[in-house]
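Residues per chain, in single letters:
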Amino acid sequence: MSRELDHAAELISAAGALLVCAGAGMGVDSGLPDFRGDHGFWRAYPPYARLGLRFAELADPAHFAADPELAWGFYGHRLDLYRRTVPHAGFTVLREWGAALPGGVQVFTSNVDGQFQRAGFPAVAEVHGSIHHLQCFAGCHDGSWPIGEMSVSVDAATMRAVPPLPTCPRCGGLARPNILMFGDLDWVPGRSQRQLVALREWRRDRQNVVVVEIGAGLAVPTVRRQAELASAATGALIRINPREPQVRHGRGVPLALGALDALAQLDARLQQQRPRR
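Here is what the cut-offs are and how they apply
Residues numbered from 1 in each chain as written. Predicted model: local features only at pLDDT ≥ 70, side-chain atom pairs only at ≥ 80, totals over all residues. Heavy atoms only, no water. Helix = DSSP H or I, 4+ residues; strand = E, 2+ residues; numbered from the N terminus. Rg over C-alpha atoms; globule rule 2.2 N^0.38 Å. Buried < 20%, exposed > 50% of the residue type's maximum accessible area, 1.4 Å probe, protein only. Areas by Shrake-Rupley, 256 points an atom, 1.4 Å probe, with all protein chains shown as cover. Lys, Arg positive; Asp, Glu negative; His and termini not counted. Charge placed at Lys NZ, Arg CZ, Asp CG, Glu CD. Phe/Tyr/Trp six-rings, centres within 6.5 Å; stacked < 30°, edge-to-face > 60°. Salt bridge = Lys/Arg side-chain N within 4 Å of Asp/Glu carboxyl O.

Draft legend 1. The overall build of the chain, seen in detail. When helices and strands are counted, the chain shows 11 helices and 11 strands. Against the 2.2 N^0.38 benchmark of 19 Å for 277 residues, the chain shows a C-alpha radius of gyration of 20 Å, consistent with a compact globule. By principal-axis analysis of the C-alpha atoms, the chain measures approximately 60 × 40 × 35 Å. By the burial criterion, 49% of the 277 residues in the chain qualify as buried. Carbon and sulfur atoms provide 52% of the accessible area of the chain, an area that totals close to 13300 Å². If the 29 positive side-chain charges of the chain are averaged to one point and the 26 negative ones to another, these points end up 4 Å apart.

Draft legend 2. Structural view of the packing of aromatic side chains. Evaluated as defined, the whole model comprises 15 aromatic pairs. Taking 6.3 Å as the distance between ring centres and 65 degrees as the angle between the ring planes, the aromatic pair formed by Tyr 45 and Phe 74 counts as edge-to-face. With Tyr 45 in the loop between α2 (37–44) and α3 (46–51) and Phe 74 in helix α6 (residues 68–84), the pair connects residues that are 29 residues apart, well separated along the chain. Residue classification places Tyr 45 among the buried residues on the basis of a relative accessible area of 2%.

Draft legend 3. Seen up close, the pattern of salt bridges. A complete count under the given rule lists eight salt bridges for this structure. We note a salt bridge from Glu 57 to Arg 54, for which the minimum N-O separation is 3.8 Å. On the accessibility criterion, Glu 57 (30% relative accessible area) is partly exposed. For Arg 84, the salt bridge is made with Asp 80, and the minimal N-O distance between the two is 2.8 Å. Taken together, the positions of Arg 84 and Asp 80, both in helix α6 and four residues apart, correspond to about one turn of that helix. On the accessibility criterion, Asp 80 (38% relative accessible area) is partly exposed. Among the charged side chains, a salt-bridge network with shared partners connects Glu 213, Glu 228 and Arg 239.

Right under this line is the structure:
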């Protein structure tokens, strides 16, 4: 592992710009659940274990029509959790690395929690949307809007939301999170698409981009694909994943560590490389 860490630190020290590609594993060290498998989800949410409801079943937009209190119970609890969560120190490490590079730093993430924005990153592409933005469930218009300070009360025993529920300011009907859910044909992707266009434009003008992929598993490989595509020409990929760190030969550096542990060890090596004043 020491050799892999040394190699990864060398890539970062020679980088012109940094692209961070992050999945759910990025938030684990902040105390967020990664919902790994049904049992992992149920450990985080015991009421759903008693009901036998899986993550994929709850993250279904059909519930907003059939049982909006159930739907908003799930997302309202997550909204409150994400608002209360403080990003771990690894976020600061990444932001400071990027700030020191001529090409800066950008983020591509499947996470909907807004942790990168809270940690002060200037540009984040949220490929699956954000829990901090809403859209009209009925589709009266094709826009989205920030949820602001609005909160959703949730009964902790039943995990059901207590009305009033969020509503659309235009038609007064039910609002839903601007998140790509399972089997979702009505997600309004405009905000995420604009972020992705900005990321592509940034990438086009940057040289020697090093990709740091963190906590992105194989079950939903969106983030891993982005990281591999972005580093395909150079092999400058650092894959941080304690369970699934494998990379193709010559196409990156695997680090079988958690996010905070890996970033702290890499930062220590980079600090040693910097000349003392």
